[in-house]
Amino acid sequence: MFSRTRHVIPWLLTGFSVAIMCGLGYWQLDRMVQKQQRLASIAQKQSNGTLSLEEALSHDDPRDITVSFSGAIDANHVLLLDNQIHNQRVGFDVIVPVNTNVGWLLVNFGWVPAPDLTRTLPDISFTSQTREFIGVLSVPGNNPLVKETNMALSQSPALVQRIEFPALSNALERKLLPFILHLTTPDPAFIREHQAVVMSPEKHLGYAVQWFGLAIAAAAIGGFAISKKGRSYE
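Residues numbered from 1 in each chain as written. Predicted model: local features only at pLDDT ≥ 70, side-chain atom pairs only at ≥ 80, totals over all residues. Heavy atoms only, no water.

Attention shifts here to the packing of aromatic side chains. Per the stated rule, a full pass over the model turns up six aromatic pairs. The interplanar angle of 25° and the centroid separation of 5.4 Å between the aromatic rings of Phe-69 and Phe-133 together place this pair among those described as stacked. Here Phe-69, found in strand β2 (residues 66–73), pairs with Phe-133, found in strand β6 (residues 130–138); they are 64 residues apart in sequence, far enough to count as distant. On the basis of relative accessible area, Phe-69 is assigned to the buried category, the value being 6%. For the pair Phe-109 and Phe-126, a centre-to-centre distance of 4.5 Å together with 45° between the ring planes defines the contact as tilted. Within this pair, whereas Phe-109 is found in strand β5 (residues 103–113), its partner Phe-126 is found in the loop between β5 and β6, the two being separated by 17 residues in sequence. Using a relative accessible area of 1% as the deciding quantity, one classes Phe-109 as buried. The buried category is assigned to Phe-126, whose relative accessible area is 18%. Each member of the aromatic cluster is reached from another via a ring pair, and the members are Phe-69, Phe-109, Phe-126, Phe-133 and Phe-190. (Phe/Tyr/Trp six-rings, centres within 6.5 Å; stacked < 30°, edge-to-face > 60°. Helix = DSSP H or I, 4+ residues; strand = E, 2+ residues; numbered from the N terminus. Buried < 20%, exposed > 50% of the residue type's maximum accessible area, 1.4 Å probe, protein only.)

This is the structure we're talking about:
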C-alpha cells in the first residue's frame, strides 16, 4: 500500500501542475480572442467618425466611440486618480464632472506628474464655464487590489484610488453617467495617451505559448524523474 501511494502521489502532482499550466495557456488564448474582437470593434466605431454624446449613448456599447459635445465644468470637484504611471513616472489622472445635455459625465483631462514623493497633490484648478469637449468614451477597469477609495470630497482637488460610480454619485450628490470621456485634443498642461487595449493579442499569444511550453517541459521532466525513481526501487 505504501509503495503504491509513493508512486501515485508524484504522478498526481505532475498532472496537477501540467493541468494548471495548460489552463493558463487556454486562458491567454481566450484573452487573445477577446482583444482581437475589441480591436475590431474599435476600428469599426472609429470609422463612423465623431458622434454627439446623445447618439453615442444610444448604442448598446458606447465604449470607444469618439464624441463631441458642450458642457459646463464643475470646478469645485476636481478628482485626482491616484497611482497612474506614465513613462515609469508616478502621477495622477485629472478627472472633472461636466454637466451635459444628457446628464453629468466624468471627463478625464489627462495625466500630470506627482510634484514629489511625499504625496503632495498637484495644484489643479478650472473655471466653471461651458466649453466644447472631444474625446473617446470608456468604462474604467476594476483593480482588484484597490478595495476602497476616498469619498471625502470636501476639498478640491480630491484624491481617489478608483472610479466607483455609485459611491461618487452619492459623494457628489448627483447622478453620474457610467462612462468616462478621455479627451483627445492636445493640451500642453496634460498628457493624453488613452489606450483602450493595453496588451496586444500578440502578447497574449506569446504568453500562451510559454505556458504550453512549460506544461510540456513539466510533463517530460516529471515523467522522466518519476520513472527513473521508480526503477531505482525495483
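Next, the rest of the story.
Turning next to the pattern of salt bridges. Counted by the stated rule, this structure contains six salt bridges. The partner of Asp-61 in a salt bridge is Arg-63, and the shortest N-O contact between them spans 3.0 Å. Overall, the relative accessible area of 28% leaves Asp-61 in the partly exposed class. Judged by its relative accessible area of 27%, Arg-63 falls in the partly exposed class. Note that Arg-162 and Glu-164 form a salt bridge whose closest N and O atoms lie 3.2 Å from each other. By sharing partners, the salt bridges in this structure join Lys-45, Asp-61 and Arg-63 into a single network. (Salt bridge = Lys/Arg side-chain N within 4 Å of Asp/Glu carboxyl O.)

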